[in-house]
Amino acid sequence: MILHNKFLKTQKYLNMKKIKKIYLLMLGALVLTYSCDLVGPIDEIEPFYKLTEENIFSDATKCEASLNGVYAAWRGTGIASYTSSTLMLSGNYEPLAPGASGSDLFENMADMEDYYLGVYYSDYYDMIQRANFLIEGMQSDLVIPGLSDERRVEIEAEARLHRAFAHFFLLRNFGQFYDQTSELGIVLRSEPVRKATDYPRSTVEQAYDLILSDIDYAIDNAPIFAESGFLTSWAAKALKAKVLLYTTDWEEAATLALEVINSGVYELKTDFRDLYAEGYKSMEVIFSPISIAINSYVPYTGSSYNNPGQLLKAIADLSVGGPSDGDILMGTGYDPRFAYAHAALMLPLGVYNNKYPFQKVDGEQTNSHFVLRLGEMYLIYAEAQARLAAGTNVDAGALQKLNDIRNRAGLLDLSPATKAELLEAIRIEKTLELFGEFNEPWFDMVRYHILGDINISDIRPNITSNDQLILPFPVKALSGNGALLQNPGYLSF
């Protein structure tokens, strides 16, 4: 059993056990339109005021504002802050000092008492609650002046795609996402919460069913094109390719990834540096939430306040030249992507990670997570296609997409001799391409471990049990939902 020194130390846990429900405040229609401060239990969100379809969806403008409120949920403090901390699970990043924020994750002994873990969890349910109100309104018989039937369906599709993203990210953090037969899924929300109720977690299969159902609706009904920062049917296809990679549906994952690559909607930048300089507006970005801040502070995202870990530095060092010839100050001898992001003497003043170059507010743009981008589609295609190859054969199409990403970084082609070597090369390349972004390298490590391609303990020796592959539910989630059972290996209270 995973024990953490802070677990159950004080009397407050005894007090918390007496709490049956703590209601989360939602201030009128602001629940749907702007970001709000949430307190209390986490996967139940109770409206403070009685909301009606008539006053929320009285015209097209309010419907669009409600949809903007779903997008705004991505800027929640927990998503920004705790996503940065989870980068340490893989060992690719490490705390600034022993005992500093994120140390528990670096040790793969996540602390269920961590404040930001709770906010991270609640931010996704906030997004789901906003989406569910909007979905319900679009599905209702209410006549909405100025809103065409076509746009009404599109709004529902965008909201359902947000819900799919949120459920998927909750599942891969808090559920046994790697085992479709597992009972340990997550608490699903397919309609707005209006009263305090204990809800048990779903199975993993049920979670994937809802996620894929929402994605398929978005593929069929979301806008084909949209401005930067907004979701489209192409984004839905990209997310489905990613989800199917997790469910081991290699053939459809490869097909969808290739469709996105060949769509002409997105553009693989010839110089990877341009991607980060352009931010969420880049033509390579499939989805990155709009990060405009007007008279407000939007914090750094990504790995701004974490050090690159020894594991990432070793991988980046081995990518170019010898295994120990890298100069961390100048970046020479390291993979160009790592050097661009982390060579200390080459970074602009005040920038901690050059993947996130905007210092607070730079004109109209601040930093924003890259949730999906085209470079990842190349590597999803490469892995899925590689796994489809018979025996130990190396699939030529998979290898070509891998080398396309390497060439874009200024690196030479690889020529792996076996399927196993190709799969490992893809995993390493994905680490070098996506480090410091939305934590994909960690989930790749987990998937490869479960599939038998690697032994995760060889890479992260402090992982001694599969229980450590997912996070614990935060204290506030357990105290507010009596039907929610803690994940194996973590203490309940």
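Structure's up top.
Being a predicted model, the structure only gives us computed values, none of them experimental.

Some points on the environment of Tyr266
Within the secondary structure, Tyr266 sits in the loop between helix 11 (250–261) and helix 12 (272–278). Residues contacting Tyr266, with those up to four places away along its chain left out, are Thr232, Trp234, Ala235, Val260, Met283, Val285, Ile286 and Leu374.

Concerning helix 7 (residues 115–139)
The end-to-end C-alpha distance of helix 7, which contains 25 residues, comes to 36 Å, matching closely the 36 Å that a straight helix rising 1.5 Å per residue would cover. The N-terminus of helix 7 is capped by Asp114, whose side-chain oxygen sits 2.7 Å from the backbone nitrogen of Tyr116.

A look at unusual backbone geometry
One non-glycine residue with positive phi stands out, namely Asn108, at about 55°. Note that Asn108 resides in the loop between helix 6 (103–106) and helix 7. Judged by its relative accessible area of 2%, Asn108 falls in the buried class. Backbone geometry at Asn439 places phi at a positive 70°, although glycine is not the residue there. For Asn439, a relative accessible area of 4% gives the class buried.

Description of helix 13 (residues 310–319)
All of the buried residues in helix 13 are Leu312, Lys313, Ile315, Ala316 and Asp317. At its buried positions, helix 13 is contacted by strand 1 (93–94), strand 3 (307–308), helix 14 (336–342) and helix 17 (419–434).

What to know about the packing of aromatic side chains
Two descriptors summarise a pair of aromatic rings, namely the distance from one centre to the other and the angle between the planes of the rings. Inspection of every chain in the model, using the stated rule, returns 28 aromatic pairs. Ring centres of Tyr82 and Tyr120 lie 5.2 Å apart, and the angle between their planes is 45°; on these two criteria the pair is classed as tilted. Residue Tyr82 is located in helix 5 (residues 77–86), and its partner Tyr120 is located in helix 7; the two are separated by 38 residues in the primary sequence. In this pair, the class of Tyr82 matches that of Tyr120, namely buried. Between the aromatic rings of Tyr334 and Phe338, the centroid separation amounts to 4.9 Å while the plane-to-plane angle is 40°, which identifies the pairing as tilted. Accessibility expressed as a relative area gives 10% for Tyr334, which makes it buried. Positioned over the ring face of Tyr199 is Arg189, at 3.9 Å from the centre of the ring. Sitting over the face of the ring of Phe106, Arg460 holds its NZ or CZ atom 5.1 Å from the ring centroid.

As for a nonpolar patch on the surface
A contiguous nonpolar patch, built from Ile328, Leu329, Met330, Leu345 and Met346 and spanning about 460 Å² of accessible area, is present on the exposed surface. Along the polypeptide, Leu329 turns up in the loop between helix 13 and helix 14. On the basis of relative accessibility, which here comes to 43%, the residue Leu329 falls in the partly exposed class.

Points about the packing of helix 17 against helix 18 (residues 440–450)
In contact at an axis separation of 9 Å, helix 17 and helix 18 are set at 160° when each is read in the N-to-C sense. By the criterion of interaxial angle, the relationship of helix 17 to helix 18 is roughly antiparallel. Our pair here, helix 17 against helix 18, has a crossing hand that is left-handed. Of the residues in helix 18, those in contact with Leu423, Glu424, Ile426, Arg427, Lys430, Thr431 and Leu434 of helix 17 are Glu440, Pro441, Asp444, Met445, Arg447 and Tyr448. By residue class, the composition of the contact of helix 17 with helix 18 is six nonpolar, one polar and six charged.

Calculation notes
Residues numbered from 1 in each chain as written. Predicted model: local features only at pLDDT ≥ 70, side-chain atom pairs only at ≥ 80, totals over all residues. Heavy atoms only, no water. Helix = DSSP H or I, 4+ residues; strand = E, 2+ residues; numbered from the N terminus. Contact = heavy atoms within 4.5 Å. Expected span 1.5 Å × (residues − 1). Polar contact = N/O pair within 3.5 Å; in protein donor to acceptor, adjacent residues only side chain to side chain. Buried < 20%, exposed > 50% of the residue type's maximum accessible area, 1.4 Å probe, protein only. Phe/Tyr/Trp six-rings, centres within 6.5 Å; stacked < 30°, edge-to-face > 60°. Lys NZ or Arg CZ within 6 Å of the ring centre and 35° of its normal. Patch = residues over 30% accessible without salt bridge, like charges linked within 9 Å, V, L, I, M, F, W, Y side chains within 5 Å. Areas by Shrake-Rupley, 256 points an atom, 1.4 Å probe, with all protein chains shown as cover. Salt bridge = Lys/Arg side-chain N within 4 Å of Asp/Glu carboxyl O. Axes fitted to C-alpha atoms, helices over the stretch in contact; angles between N-to-C directions. Parallel < 35°, antiparallel > 145°, perpendicular 65-115°, else oblique. Left-handed = near helix turned anticlockwise from the far one by under 90°. Nonpolar A, V, L, I, M, F, W, Y, C, P; charged D, E, K, R; others polar.

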